Each structure stands twice: as C-alpha cells, then as structure tokens.
2 protein chains.
Amino acid sequence: MFSSDEAQARAEVPSGGGGTGARSIRELQEFVRIPSVSADPARTVDVERCAGWLAQRLKRAGLTTVRIVPTAGHPIVVARWQGAPGKATVLIYGHYDVQPARVEDGWRFPPFAAVVKDGHLYGRGASDDKGQMFTHVTAIERLLRANGTLPVNVVCLFEGEEEIGSPNLVPYLSRHREALAADFAVVSDTRMLSPDQPALTRSLRGQLALELEVLGPSHDLHSGSFGGAVHDPAQALCEIVARLHDGAGRIAVPGFYDRVRRHSRSARSAIMRHAASDASVLAEAGASTPWGESGYTIAERLALRPSLSVTGLVSGHTGQGPKSVIPARALAKLSFRLVPDQEPEEIAHLVRDYIASITPPTVRSTVHGQFAARPATIDPNHPAMRAAARAYARVFRRRPVLIASGGTIPAVSEFARILGIPTVLMGFASPGEAAHGPNEKFSLRNFHRGILTSMAFLGNLGGLRRADLRAGAQKRNAFA
Amino acid sequence: MFSSDEAQARAEVPSGGGGTGARSIRELQEFVRIPSVSADPARTVDVERCAGWLAQRLKRAGLTTVRIVPTAGHPIVVARWQGAPGKATVLIYGHYDVQPARVEDGWRFPPFAAVVKDGHLYGRGASDDKGQMFTHVTAIERLLRANGTLPVNVVCLFEGEEEIGSPNLVPYLSRHREALAADFAVVSDTRMLSPDQPALTRSLRGQLALELEVLGPSHDLHSGSFGGAVHDPAQALCEIVARLHDGAGRIAVPGFYDRVRRHSRSARSAIMRHAASDASVLAEAGASTPWGESGYTIAERLALRPSLSVTGLVSGHTGQGPKSVIPARALAKLSFRLVPDQEPEEIAHLVRDYIASITPPTVRSTVHGQFAARPATIDPNHPAMRAAARAYARVFRRRPVLIASGGTIPAVSEFARILGIPTVLMGFASPGEAAHGPNEKFSLRNFHRGILTSMAFLGNLGGLRRADLRAGAQKRNAFA
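Just so you know, these numbers come straight off a predicted model, no measurement behind them. (Residues numbered from 1 in each chain as written. Chains lettered and ligands numbered in written order. Predicted model: local features only at pLDDT ≥ 70, side-chain atom pairs only at ≥ 80, totals over all residues. Heavy atoms only, no water.)

Novice: Quick one: what's the story with the overall build of chain A, residue by residue and with numbers?
Specialist: Secondary structure summary: chain A contains 15 helices and 18 strands in total. Taking 23 Å as the expected radius of gyration for a compact globule of 480 residues, we find that chain A reaches 23 Å, a close match to that expectation. Each of the three principal axes of chain A carries a C-alpha extent, and together these read 75 × 50 × 45 Å. Sequence-distant contacts, at least 24 apart, represent 81% of the contacts inside chain A between residues at least 6 apart. On chain A, roughly 16,900 Å² of surface is accessible, and the fraction owed to carbon and sulfur atoms is 50%. (Helix = DSSP H or I, 4+ residues; strand = E, 2+ residues; numbered from the N terminus. Rg over C-alpha atoms; globule rule 2.2 N^0.38 Å. Contact = heavy atoms within 4.5 Å. Areas by Shrake-Rupley, 256 points an atom, 1.4 Å probe, with all protein chains shown as cover.)

Here it is, written out as structure tokens:
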C-alpha cells in the first residue's frame, strides 16, 4: 500500500520529487535529537545549537541568505530565496523549539532518541513542529536541485519560542515588516482529520498562560507544630482553583464570555461539518467520560468555545514518601484557550480581579503572566488555500476538509495583525501522534507525503497572479 | 550570660559534667552531615551509613552491647548498659533519620553542611532529632568516663524511620518485648516553651499520612486539542481537596470528630495554662492571619483538636515556564493530626469513603496509606516525670512547665501499647528552630544544657525505687 501510493503520488508532483527519503529521515532524526526545550532555561544551549543546525541545513538546501537572528530570548532563523521576480512571495513559518519532556512521564523510548519504529519517528518535536516544518525545507531543496529555481519567492521564518508563546516574535515582526513582506504565510503545525484525510485549518484558539502563586507563612512549617493554626497555601490554592469553574463546566470568571463570538446555527454546522466525533476524541484522550461546558458537543467545545486547563500543580514535598511540612508556597499553572473576539490582555485582567476577589484573607495570591496569543481565523476561499487544497488532493488522492482547531499558533494572528497577510494552515500531523504528550511521533509516510505536498503547493503558487492573492487578502480581512 | 549560667549549671550536675563541649559539637556536626533522609529511596545508603556512625559512637561512649538491627526498612540501632542490678531501666529512644531538605526551599546554608553560626548549629536534623538524642549519648559517655558506672540501667533504641511513621518499629517492639523490658522511656524530640523555659510534654497528637491520587486521561494531552473536553485531573484534585474542610475550618469528613475527646472547662484551662500565645505562634509561622476550626484559640487547635494539612501537591509540569499539557495524573499529600481517642485506621476508612463519595465520575481517585501513628498522653505525676522536672530545674534554674504538643512521635503510643511503659518527653528544642522547615537549627547552649540535664536526670533516677516507678506506671494507665 505504502509503495504503490507513494509511486503514484511521486508521479504527479513537479520534477524533483524523487529521492529515497532515507536521507531526509536521518536528518529529521538529527534535528529531533537536539533537545530544544524553550521553556527550560537549562536547555538554552541546546536551543541555540538547534538554531545553528537548522541554519546550516537551510544553507545546504540552497537558500541564498540564511541568518540566525538573536532576540531577547531564543534566536530566530531567517532564510530567503528571491529568484522569481514578479512571482508571489510565501512566508514559510515553523518553530524548532519543543515542549518539555521527561522519560518518566511514560515514554516508550527516550524523548530525544528519535527512534524509528513501525513507520513512525518517536520523539519530542517529531510532529510538533520539527517534522512538519522539515517537509518544506526538504521540498525547497529537492525543487532547487532538480530545477535550479523555485516557482515562487520564499522567506523562511523559523522561531525558537513558539511553545512559550512567541514572546520575541512580535517585536521582530514589527521591526522587520518590510524585509518580511510576503503575499501570505504557510504553516505546517496542525493536524489532519486522519492519517489519510488531509485538512486545512480555518481557525485557531488563542492562549493565555498564567501562573497562580499562593503564599502563606514566611517559610515551610512543621505540620505538627502548626497544623490547624494557619491556612495551608496548598489548600488555599485548591480552594481558589476549584472556584475557577462553575458546576456547569463554565469558567466562573465574571465577564469571561462577554466577547465570545456567537455563531448562527448554519455557521456552526458548517464549521463542525468535518469535526472528529465525540467518541473518537474521548478514545484518543483515553478518557471514559466527557466533561466541559454544557450545551455543546465535545467538538464544539474544542473548536468554538474557550477553555481553562490546569497544566501544573506544585507545592511542598513532591518527591517520594511523606514530609510533615506545611509548605509556604503553592503554585498552579493555568492555560486558557481563547476564541474570537476575546482579547488575552482583557481576559488576564478579568482573571486577576476574580482571583483577588476569591483569595481568602489568610493567604496572598499573585497571578503572573506567562504568555498570551490571540485567536485566529482564516478565509477558506483565499487563492493560496485553494492552491494548498489542490496540492493535498494531488498527493493524498483526497480533497482536504476544512476543520477548526482547538490549538494555538501565536504567529498566525500576528502575521495578520502586523504583516497584514493570511496564513495557510496546511498540517501533516495526525490525531494520536501525541503532540505535547509522551510518545509524540510522526508518521514517516506523511512526512514523505508532506514533502511532496509542499512541492506541489509551491508549484501551484507559481501559477497564481499576485493580483489574485491581494484580492484574496482583502477578502480575508473583510471576513475576519 | 552564657558562660556564667553555664558555670553555675555545671557546678550542680553530677560528676562528669566537665569537658569543653567542643568535641561534642564537632561530633554532632559529623552526625548532621550524613543526609539520612528516610523518605528518599535515593538516600538509603546514607541512612545506613548514619546507623553505622551512630553505633560506633555508642561503642565509644562505653555502652556494652551495641547492635545494628536490620528491618524491612532502615535499621534500628540498639545499645545497652546493664551494670546497675536492682536499679531502674530506662529506655532512651531517639531517631537518626531526618526530614527531606532542599537548599532551594530557602536554606541560608546547605542543609547538610552543619554550619555553626551565632550560637546555633544549622542543618536538617540539628534539632529533630540528632542534636536532641545526642545529648543522652554524650551524657552517658561523660558519666561512664567520670564514674565508671551509671546510676541506672540503660537501653538505647535509636531508629531510622521516625519521619516516615516508624513502620518497622511496631514489629520490632512486638518481637523483642522482653529484651526491651524497661520501667519507662525517655525521648528528647519535643520543644521547650522558650529557649530558657524548659517544658515537659503531656500529650502528642497522632498522625495519618495519606496520598490522594487522581487519574483522568490515559496519558498527558495537548491542552489545545483537548482543553475543555476532558476533566483535568489537576482541577478535579483541587475540587476534591477544597471539599475536605467546611467553611468553619472543620474537617468535612463525616464522622471525623466522633471520637475526639471532650475536655471539661477546667481540664482545658489546665492543659492550656502554659501554651504559647496566639500572637507568638503566628509570629513564629510568619503568618499574619490565623485560620482554623472556629470556637478554639490557636493553641487549643494545636493541642486539643485534630487537623489536616496539605503537605504536597504535584501534577503536570512543575518546572519553570509553561507547558501546554493536560496532565493525566495529579497527587496531593495529606497529613492528618489526630487526638485521643481517634484511631488512625478508622479515620483512614472515613476519609477513603468520603473522598470516593465526592470524586466526580469524570476521573478516578485512589487514597494510598503512607503512615499512621496514634495520639499519646502522659501522666504528669509519674515519678520519672518528677525526676525530669528536678533535672531541668537544676540546670535551667527554672521549673519546667507542662505543655501539650501538636506534633507526633509514633513510638510513644507504641511504648505504652506494646511495652506497657510511659514516656517522659524531655525536649531541648525551642520555638523558632524550624524543625521540618528550611534553616532548621539547634541552640548550642541548649545542646550543652541538654547534656547536663540528661546527666542530672539519670542521677535522679538512681535514687528512685523500682516499686514507685511501677506504681506510677499503673497510675498512668488509669489516667490514659
């Protein structure tokens, strides 16, 4: 099945589609083996090493200017090829940083070993986003090797801070608006509906990551000498967190839903037409019982409604065995997912006010901002979306469906806001590939199909007139 | 002030009270530098090394039989001196294991550096219990050096699992009832009222340490792809913990207070006569606002009422920075302090039933037992208590007061239950010495006064008739 499909797909992509793919896989393994965890200060050197590796790889691919741009945080890697005057310019965005991963969270293989097993590459970042972004790098190299030229102009923008909310991307975009001028962006960092059913993503949720810290006594106390006389910060934290949702699964912060966009029945059913079923979401989660805001299906909650996840808790003794101590401090990590037209800053304000109002007088609470990203929507009728759809159809032998994602890519709303361009979200990951979880993996078959799809996409773009693209962009702004 | 008091005290203790004390301090530093953290499996070797160090030290002190007794957990060190036929036998109990400690919890000096500064020895275990138990070892050595004999027979029983609830002490006591036959026990592991006001402890709370684990999805999930569709275990854990207390600071577990002993107004005021003031408890805790069961003073809550502390919370990403994940598992460490006549096993049952009843159907919860210890009371009129009072008065120039402790020493109720003997709780620690917290320390002045008090105590015991001790023991049983 693999080889015949593959052969057929290869036959239909532009010249340059050949090559065994073994080298691409070896290179992706090298890439995944660099533990570029942006959230972990101890990994700063690895993140830099990863940027260096990527820049070298882009040079070898034939991009003509490649730069590692330092920022206040982790570097941005920028590469260009501008040999197609008069043709469109596409901004290819991706991120080379990854989520944290610890083998004790349940990994079959060490998270940075990049083991290939049963047609998948296992490792943190395999699918999110090293594997997916690498499809484009490989596609560019193959096209340049075969033809000595590309059908369009290309700017690659690969950052190292996506998993921590892209804090230094906005200043970079603002300062380099002209150098980054492009007709639209393409990002491969989303999921398809299934391994064989490609999908273009029409919307992303935004995100607001906060840390709630509760402080009580000035130092850890003996739980015998003080137990029952002071309010444990850990207990007070639990009491506060328990009041962040109401009994109907709604977020209890006053005003939280005020700006949530309402959809007509028909718009709602159009958006949800190709959503995963409730049963398949639960099966993928390994959860027996659904939970969440009443009045919505699971898929609707993920696509159309905001949410709050408690992503971490820490207080006192977290090691093995007991410790008879009242910890002085407790911390919860909160991650809100936002939908249009919620504004992260406004939501942060509302959350701070609410938490202050429910904090008992026996402890002190502080809410620290971690990162914020706006939600984004994309016009499905943009010519670049149609070009992507044709490329998918050619390689996967199926027309892509339109889906709404519960995830967040901070860059997408910023490309629209700062650069004024839409983003084509052309994902190659599949449900079950466990992005952010243990045993993250990426289908090597879809890695290869992703390379071919990127090549076909770039080929299709070569046939587009820039005027059509601009018209599409205006239409998109009207839609959003 | 130090030297004149000291000289006076020395003049009044039995011969053998001399010596500069510098060697004792150096030895205590050696003892504290062994990180014998019983809760940490990675420290097993250190705990064993500590037992070996202690056994060597006891041999050098002149005890005639010294044994390291292996158990299913950490070893027990037993040493004897039985050269006073016809005289009383005192069981000296202490523990050489310590609570966990991490320098990042706010230690001025590394927790196992045993730094001497401003008249205190800083380090985990300095006061709880290495420093306090070492007063007796040093007292015995000095008396044997000076006189070649002791006023009473001595059995030293030093265990390595007190901080994890003494799980292997009960089987050991049960198996060696005859070998451990003694008239009463003495333990120095409690606090005085202040550094210059000695205190005998009349009661200890019991303890029940449990771990509450909440499980949800089968693996960590991407908080974008699943946020709002499944119940976060961390959130569910907070919801459960928030329901363990009611709005009046009482533990909400049905039946929890059923066996709590009621005290008449006069008994209550007698017990609380020498309690620390609410203001001083809060000042020591570094807390601005009290909290707890309504209807009781802070001191009463600590001495007479049970409590529940959340000693640890852990779920998901506990490191720096954000991680966009819904963790599959969340854990809370719960420590109940119990008072007469609560039975730990019965309370564990009630807690399990209650938690099962409030666990939402969207997650699974399990309660794991960690350890259990019964509360204990001691007859203040026992002849050994009076002998201890006279020893304190002689060295400290003040009569000790009787106090009720909020802490727990599992051995004490087991000595009464299994060996049928009462325990004199003759502490040398002071408020502010931060047992279990960061910057635990022990006053070197009180270390020295402790040695002298132990010598005086052993001397006083030599004058007691064994018949009086047995009468006292019977009286105690009637009282409890």
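Next, the rest of the story.
Novice: Quick rundown of the relation of the copies chain A and chain B? Include the residues and the values.
Specialist: When chain A is fitted to chain B, the best match, at an RMSD of 0.1 Å, comes from turning it 180 degrees and sliding it 0.0 Å along the axis. Put plainly, the chains are arranged around a two-fold axis. (Least-squares fit on C-alpha atoms with pLDDT ≥ 70 in both.)

Novice: Provide a residue-level description of the sheet that holds strand 18 (residues 441-443) of chain B, including the pertinent values.
Specialist: All names here are of chain B. Taking strand neighbours across the sheet as the criterion, the three strands line up as 4-5-18 in an open arrangement whose pairing is antiparallel. The sheet is open, and its two edges are formed by strand 4 (115-117) and strand 18, each paired on a single side. Neighbour-to-neighbour, the strand axes of the sheet open up by a mean angle of 25 degrees, direction not taken into account. Here helix 4 (residues 126-147) sits on the sheet and contacts strand 5 (120-122) and strand 18; the angle it forms with strand 18, its principal contact strand, is near 40 degrees. Contacts from helix 14 (residues 444-462) reach strand 4, strand 5 and strand 18 within the one sheet, and its direction differs from that of strand 18 by about 60 degrees. (Pairing = 2+ DSSP bridges. Axes fitted to C-alpha atoms, helices over the stretch in contact; angles between N-to-C directions.)

Novice: Go over helix 12 (residues 383-396) of chain B with me, naming the residues and quoting the values.
Specialist: Each α-helix winds once per 3.6 residues, and so residues spaced three or four apart point in a common direction. Residues and elements named next belong to chain B. Along its 14 residues, helix 12 runs 20 Å from first to last C-alpha, staying within 8% of the 20 Å computed at 1.5 Å per residue. Of all the 14 residues making up helix 12, ten are buried; the element is thus mostly covered by neighbouring parts of the structure. The set of residues buried in helix 12 consists of P383, A384, M385, A387, A388, A389, A391, Y392, V395 and F396. Where helix 12 terminates, the next one or two residues include R397, which has phi positive at roughly 60 degrees. (Expected span 1.5 Å × (residues − 1). Buried < 20%, exposed > 50% of the residue type's maximum accessible area, 1.4 Å probe, protein only.)

Novice: I'd like a rundown of the sheet that holds strand 11 (residues 307-316) of chain B, residues and numbers included.
Specialist: Taken in spatial order, the eight strands of this open sheet run 14(A)-9(A)-13(A)-11(A)-11(B)-13(B)-9(B)-14(B), and their pairing is antiparallel. Lying at the two open borders of the sheet, with one neighbouring strand each, are strand 14 (364-373) of chain A together with strand 14 (364-373) of chain B. This sheet shows a mean twist of 20 degrees between the axes of neighbouring strands, independent of strand direction. Note: strand 9 (residues 206-215) of chain A against strand 13 (residues 329-338) of chain A, ten bridges, orientation antiparallel. Paired with A:V214 across the strands is A:A330, a residue of strand 13 of chain A. Sitting on the sheet, helix 11 (residues 344-358) of chain A is in contact with strand 9, strand 13 and strand 14 of chain A, with an inclination near 165 degrees to strand 14 of chain A.

Novice: Account for the interface of chain A and chain B, with residues named and values stated.
Specialist: With 88 residues of chain A in contact, the opposing surface of chain B contributes 87 residues. The largest share of the area that chain A buries against chain B comes from A:W291, A:L313 and A:P322, three residues that together contribute 10% of it. Measuring nitrogen to oxygen at the nearest pair gives 3.9 Å for the salt bridge that ties B:K323 to A:D105. Run the count over chain A and chain B and you get 38 residue pairs in polar contact (both at pLDDT 80 or more). If one sorts the elements of the side of chain A that touches chain B by residue count, strand 11 (residues 307-316) of chain A sits on top with ten residues. Bridge count for strand 11 of chain A against strand 11 of chain B is five bridges, and the pairing is antiparallel. (Buried area = accessible area lost by both parts, 1.4 Å probe. Salt bridge = Lys/Arg side-chain N within 4 Å of Asp/Glu carboxyl O. Polar contact = N/O pair within 3.5 Å; in protein donor to acceptor, adjacent residues only side chain to side chain.)

Novice: Describe the side chain of A:N446, with residues and values.
Specialist: Residue and element names in this part refer to chain A. For N446, the position within the fold is in helix 14 (residues 444-462). Here P195 takes part through its backbone oxygen, which lies 3.0 Å from a polar atom of the side chain of N446. At 2.9 Å, the side chain of N446 and the side chain of R449 are in polar contact.

Novice: Could you give an account of the packing of aromatic side chains, naming the residues involved and the relevant values?
Specialist: Residue and element names in this part refer to chain B. Here the structure, examined in full by the defined rule, presents 24 aromatic pairs over all chains. With centroids separated by 5.2 Å and ring planes inclined at 70 degrees, the aromatic side chains of F109 and Y122 adopt a geometry described as edge-to-face. Highlighted residues: F109 in the loop between strand 3 (89-95) and strand 4 and Y122 in strand 5, separated in sequence by 13 residues. Residues F134 and F447 carry aromatic rings whose centres are separated by 6.4 Å and whose planes lie at 15 degrees to one another, so their mutual orientation is stacked. Of the two residues, F134 sits in helix 4 while F447 sits in helix 14, which places them 313 residues apart along the sequence. Here F134 and F447 have matching classes, each one buried. (Phe/Tyr/Trp six-rings, centres within 6.5 Å; stacked < 30°, edge-to-face > 60°.)

Novice: Go over the pairing of strand 3 of chain B, please, and point to the residues and values.
Specialist: All names here are of chain B. Where burial is concerned, most of strand 3 is hidden: seven out of the seven residues are buried. Burial of the side chains of strand 3 extends over both faces: T89, L91, Y93 and H95 are buried on one face and V90, I92 and G94 on the other. Examined bridge by bridge, strand 3 and strand 6 (residues 153-159) share seven bridges and lie parallel to one another. Paired with V90 across the two strands is V154, which belongs to strand 6. Strand direction decides the pairing type here: strand 3 and strand 7 (residues 184-187), joined by four bridges, are parallel. Among the inter-strand pairings, Y93 is bridged to a residue of strand 7, identified as V187.

Novice: How would you sum up the pattern of salt bridges? Please name residues and give values.
Specialist: Going through the model one piece at a time under the given rule, you end up with 50 salt bridges over all chains. A salt bridge links A:R124 to A:E440, with the shortest nitrogen-to-oxygen separation between them at 2.8 Å. A residue pair is termed long-range when its members are at least 10 positions apart, and A:R124 in the loop between strand 5 (120-122) and helix 4 (126-147) and A:E440 in the loop between strand 17 (423-425) and strand 18 (441-443) qualify at 316 residues. Judged on exposure class, the residue A:R124 and its partner A:E440 are both buried. Here B:R374 and B:E343 are joined by a salt bridge, their closest N and O atoms 3.2 Å apart. Here B:E343 lies in the loop between strand 13 (329-338) and helix 11 (344-358) and B:R374 lies in the loop between strand 14 and strand 15 (376-377), a separation of 31 residues in the sequence.

Novice: Which residues make up the pairing of strand 11 of chain B, and what are the values?
Specialist: Residues and elements named next belong to chain B. Counting buried residues along strand 11, nine of its ten residues qualify, which places the element largely inside the surrounding structure. Pairing geometry for strand 11 and strand 13, over eight bridges, is antiparallel. Each residue of the ladder has a partner; that of V314, found in strand 13, is L331.

Novice: Please set out the packing of helix 2 (residues 22-32) of chain A against helix 3 (residues 44-61) of chain A residue by residue, giving values where relevant.
Specialist: Residue and element names in this part refer to chain A. Where helix 2 meets helix 3, the axes come as close as 11 Å, and the angle between the chain directions of the two elements is 155 degrees. Comparing their axes, helix 3 and helix 2 come out roughly antiparallel. Across from R23, E27, E30 and F31 in helix 2, the residues of helix 3 making contact are C50, W53, L54, R57 and R60. Across the contact of helix 2 with helix 3, the residue classes break down as four nonpolar, no polar and five charged. (Parallel < 35°, antiparallel > 145°, perpendicular 65-115°, else oblique. Nonpolar A, V, L, I, M, F, W, Y, C, P; charged D, E, K, R; others polar.)

Novice: Report on unusual backbone geometry, specifying residues and quantitative values.
Specialist: Between A:D128 and A:D129 the backbone carries a cis peptide bond, its omega angle lying at 5 degrees. By secondary structure assignment, the location of A:D129 is in helix 4. Positive phi outside glycine occurs at A:S166, with the angle close to 50 degrees. Within the element layout of this structure, A:S166 appears in the loop between strand 6 (153-159) and helix 5 (169-175). What makes A:S166 buried here is its relative accessible area of 4%. In this structure, B:D118 is a non-glycine residue whose phi angle is positive, near 50 degrees. Along the chain, B:D118 falls in the loop between strand 4 and strand 5.

Novice: Describe the environment of A:S188, with residues and values.
Specialist: All names here are of chain A. You can see S188 is positioned in the loop between strand 7 (184-187) and strand 8 (199-204). We classify S188 as buried; its relative accessible area is 1%. Excluding residues that lie within four positions of it along the chain, S188 makes contacts with Y93, D129, Q132, M133, H136, M426, G427 and F428. Polar contacts involving the side chain of S188 include one to the side chain of H136, which spans 2.8 Å. Polar contacts involving the side chain of S188 include one to the main-chain carbonyl oxygen of M426, which spans 2.7 Å.

Everything listed is a geometric property; what it means functionally is a separate question.
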